[in-house]
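# Chain and residue survey
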Amino acid sequence: MDLQGTARWGEDGGVPYAFLIVTLLGAVAVALAYRPIRREPFTVLSFTCGWIAGELAFQTIVWQVVATALFISFGALSNWVGWLGLAVAVAEWVGLIGLGIAGSRAAAVTATALADVRSPSFPVPAEPTTPSWGKWWRITRAIPFKSRAVRVTCNIDYWGDGQKRHRLDVYQSKLAPPGKAPVMVYIHGGAWMIGEKREQGKPMMYELVARGWVCVAINYRLSPRATWPDHIVDAKRAVAWVKEHIDEYGGDPSFVAVSGGSAGGHLCALLALSVGDPSFQPGFEEADTSVQACVPFYGVMDLTSSPDGAAIFGPGLRKMLEKKVMKCTESQHPEIFQDASPTYRVRAEAPPFFVLQGVNDTLVPVESARLFVQRLRSVSRQPVAYAELPLAQHAFDVLASLRCLATTSAVADFLEGARAAIGFAEGPIATPPRILSDVEAAPEL
């Protein structure tokens, strides 16, 4: 037995060693934000670590500095192990500063994306509009709470069958002037198997509501209980409900945009590109499910096992789709997987698209978005904006981060450009004013 070593551990209380372990774990998270692991089964862990470090970089520095001070006060620097931990912590903070700067530079990336589609007939603002909702104190808090000026009508049954997964929430401003407001329908993600309408898309919806929009967040049936195409059928049925009833909530059914992230990004893109497909509208084939703009975030655009499709993700996605979602093999029914893939649904009549994708996304590889955008641009008559965000992981729009602030502003500007484009073709259309003051936008705690 090493009595001397045991004595040293007891004298130090293990604090230097604990400090080193904690700083090493933090350093691994930062390293994964820069160099994510794209091999299963490490992709989810890589996403989680990289997402938190990348979106909450400056907040992470603050709490780590506090934690470091506490460790030091308890004797973390009593030997070389603690000093090594301090060196690791400092290196980690430098990496976090770099991640924070990358998040702040997302505004330049989205500005370039909008500049690519700006024209007299598609007049997106030349300068990014400062978000009404994205105040600095919301960014520091990160968790998106709604303001007192937002009214939410919850759990509306859009199908009429009483199923819990067939419900939606309507977000509208208490301060909005009378009139018809443009509408955003948001579809949550979660690999078609998990997720809930209250969990995602909040920063974007709150910003749009602050600009006078009405937003609708929907639930849909989830696998493995649900079998494809139940998911897209529900999304289409929700849009049909919006077209029929949103005027009761101050919305304009003639301008409905759709958005979503991950699996929701897949569903919103597929919805926008499959207008008139009766297989996705059983029992309501004649209902209007068209949309006037589409904004997919890190969507799964190709579900086939082609070299450009699910094969990029590794075998995990295909196996999951076959076992849990489609409940059939691609070899037996290749048409099901192809028909469910937005990449194979591109069409000249597509509405304006704004595709947003993180370069460091481990769950949805950036190559999938690039191919989708390339194919859509080759045929669509409408603008296709594309923002490829450096160092961004999956779910970068969920928390109120600097990167989310930039993408939220850009999406809102793009959508106003899409509205103005319709006015350009059909006559003048009024742009709703920004209606929330700093006081009125105070959050409900």
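Residues numbered from 1 in each chain as written. Predicted model: local features only at pLDDT ≥ 70, side-chain atom pairs only at ≥ 80, totals over all residues. Heavy atoms only, no water.

## What to know about the overall build of the protein chain
Helices and strands together make up the secondary structure of the protein chain, namely 14 helices and 8 strands. A compact globule built from 445 residues would reach a C-alpha radius of gyration of about 22 Å, and the protein chain, at 24 Å, matches this within 12%. With respect to the principal axes defined by its C-alpha atoms, the protein chain has extents near 80 × 60 × 45 Å. Within the span of the protein chain, comprising 445 residues, buried residues form 56% of the whole. Counting 40 positive and 41 negative side-chain charges, the protein chain places the averaged centre of each group 2 Å from the other. (Helix = DSSP H or I, 4+ residues; strand = E, 2+ residues; numbered from the N terminus. Rg over C-alpha atoms; globule rule 2.2 N^0.38 Å. Buried < 20%, exposed > 50% of the residue type's maximum accessible area, 1.4 Å probe, protein only. Lys, Arg positive; Asp, Glu negative; His and termini not counted. Charge placed at Lys NZ, Arg CZ, Asp CG, Glu CD.)

## What about helix 9 (residues 230-245)?
Compared with the 22 Å implied by 1.5 Å per residue over 16 residues, the 22 Å span of helix 9 between its first and last C-alpha is a close match. When you tally the buried positions in helix 9, you get 13 out of 16 residues, the bulk of the element. (Expected span 1.5 Å × (residues − 1).)

## Comments concerning unusual backbone geometry
In this structure, the amide linkage connecting Ser-223 to the following residue, Pro-224, adopts the cis form with an omega of 5 degrees. You can see Pro-224 is positioned in the loop between strand 4 (214-218) and helix 9. In this structure, Pro-229 follows Trp-228 across a cis peptide bond, with omega equal to 15 degrees. You can see Pro-229 is positioned in the loop between strand 4 and helix 9. The backbone of Asn-155 sits at a positive phi, close to 60 degrees, despite the residue not being glycine.

## Notes on the nonpolar core
By size, the foremost hydrophobic cluster in this structure holds 59 residues, and its most contacted members are Trp-192 and Phe-353. Here this core gets 8 residues from one element, more than from any other, and that element is helix 10 (residues 263-273). Ignoring sequence-local partners within four residues, the contact set of Trp-192 consists of Leu-222, Ser-223, His-231, Ala-263, His-266, Leu-267, Val-300, Leu-303, Leu-317, Met-320, Leu-321 and Val-325. Formed by 46 residues, the second largest nonpolar core is a distinct cluster that contains Val-209, Phe-255, Leu-399 and Ala-406. (Core = buried A, V, L, I, M, F, W, Y, C linked by side-chain atoms within 4.5 Å. Contact = heavy atoms within 4.5 Å.)

## Re the pairing of strand 8 (residues 384-389)
Side-chain positions along a regular strand alternate between the two faces of the sheet. A large share of strand 8 lies buried, amounting to 5 of its 6 residues. Of the pairings in the sheet, the one linking strand 7 (residues 353-358) to strand 8 comprises 6 bridges and is parallel in character. Bridge pairing links Gly-358 to Leu-389 in strand 8. You can see the chain leave strand 7, run along helix 13 (residues 366-379) and come back into strand 8, and the turn it takes is right-handed. (Pairing = 2+ DSSP bridges. Right-handed = clockwise from strand over helix to strand, strands pointing away.)

## Observations regarding the packing of helix 4 (residues 57-73) against helix 5 (residues 80-104)
Orientation of helix 4 relative to helix 5, taken along the N-to-C sense of each, is 160 degrees, at an axis distance of 8 Å. Taken together, the axes of helix 4 and helix 5 are roughly antiparallel relative to one another. The element helix 4 and its partner helix 5 pack so that their crossing is left-handed. Judged by residue contacts, Ala-57, Phe-58, Thr-60, Ile-61, Gln-64, Val-65 and Thr-68 of helix 4 engage Leu-86, Ala-89, Glu-92, Trp-93, Leu-96, Ile-97, Leu-99, Gly-100 and Ile-101 from helix 5. (Axes fitted to C-alpha atoms, helices over the stretch in contact; angles between N-to-C directions. Parallel < 35°, antiparallel > 145°, perpendicular 65-115°, else oblique. Left-handed = near helix turned anticlockwise from the far one by under 90°.)

## Some points on the side chain of Gln-64
Structurally, the position occupied by Gln-64 is in helix 4. Residue Gln-64 is classed as buried on the basis of its relative accessible area of 10%. Among all residues touching Gln-64, those that are not within four sequence positions of it are Gly-26, Glu-92, Trp-93 and Leu-96.

## Points about the packing of aromatic side chains
The geometry of an aromatic ring pair comes down to the distance between the two centres and the angle between the two planes. Going through the model one piece at a time under the given rule, you end up with 13 aromatic pairs. For the ring pair Trp-241 and Tyr-249, a centre distance of 6.0 Å and an interplane angle of 45 degrees mean the geometry is tilted. A residue is classified by how much of its surface remains accessible, and Trp-241, at 7% relative accessible area, is buried. For Arg-237, the ring lying beneath its charged end belongs to Phe-284, and the centroid distance is 5.4 Å. (Phe/Tyr/Trp six-rings, centres within 6.5 Å; stacked < 30°, edge-to-face > 60°. Lys NZ or Arg CZ within 6 Å of the ring centre and 35° of its normal.)

## Observations regarding the pattern of salt bridges
Scanning all chains against the criterion turns up 14 salt bridges. The partner of Lys-197 in a salt bridge is Asp-169, and the shortest N-O contact between them spans 2.8 Å. Of the two residues, Lys-197 sits in the loop between strand 3 (181-187) and helix 8 (202-210) while Asp-169 sits in strand 2 (residues 167-173), which places them 28 residues apart along the sequence. Ionic pairing is found between Arg-419 and Glu-416, a salt bridge with its closest N-O pair at 3.5 Å. With Arg-419 and Glu-416 both in helix 14 (residues 402-426) and 3 residues apart, this pair spans about one turn of that helix. The same class applies to Arg-419 as to Glu-416, namely buried. Several salt bridges converge on common partners, so that one network encompasses Glu-207, Arg-211 and Asp-413. (Salt bridge = Lys/Arg side-chain N within 4 Å of Asp/Glu carboxyl O.)

## A look at the environment of Leu-376
Here Leu-376 is to be found in helix 13. In this structure Leu-376 comes out as buried when scored by relative accessible area, which is 0%. Taking the C-alpha atoms as reference points, Leu-376 and Arg-347, separated by 29 residues in sequence, lie 7.0 Å from one another. Not counting residues up to four positions away in its chain, the partners in contact with Leu-376 are Leu-273, Val-346, Arg-347, Ala-350, Phe-353 and Val-384.

## Side note on the confidence of the model for the protein chain
When pLDDT drops low, the exact placement of atoms in the prediction is not to be read closely. Mean pLDDT over the protein chain: 89, with 90% of residues reaching 70 or higher. In the predicted structure, residues 1-10 sits below a pLDDT of 50 and forms 3 contacts with residues beyond four places in sequence or in another chain. Every residue in residues 427-435 scores below 50 in pLDDT, and together they form 29 contacts with partners more than four places removed in sequence or on other chains. (pLDDT = per-residue confidence, 0-100.)

## Some details on the sheet that holds strand 6 (residues 293-297)
Reading across from one edge, 1-2-4-3-5-6-7-8 is the order of the 8 strands in this open sheet, with mixed pairing throughout. Whereas interior strands pair on both sides, the edge strands pair on one side only; in this sheet they are strand 1 (150-157) and strand 8. For this sheet, the mean angle separating the axes of adjacent strands, direction not counted, is 15 degrees. Here helix 10 sits on the sheet and contacts strand 3, strand 5 (251-261), strand 6 and strand 7; the angle it forms with strand 5, its principal contact strand, is near 140 degrees.

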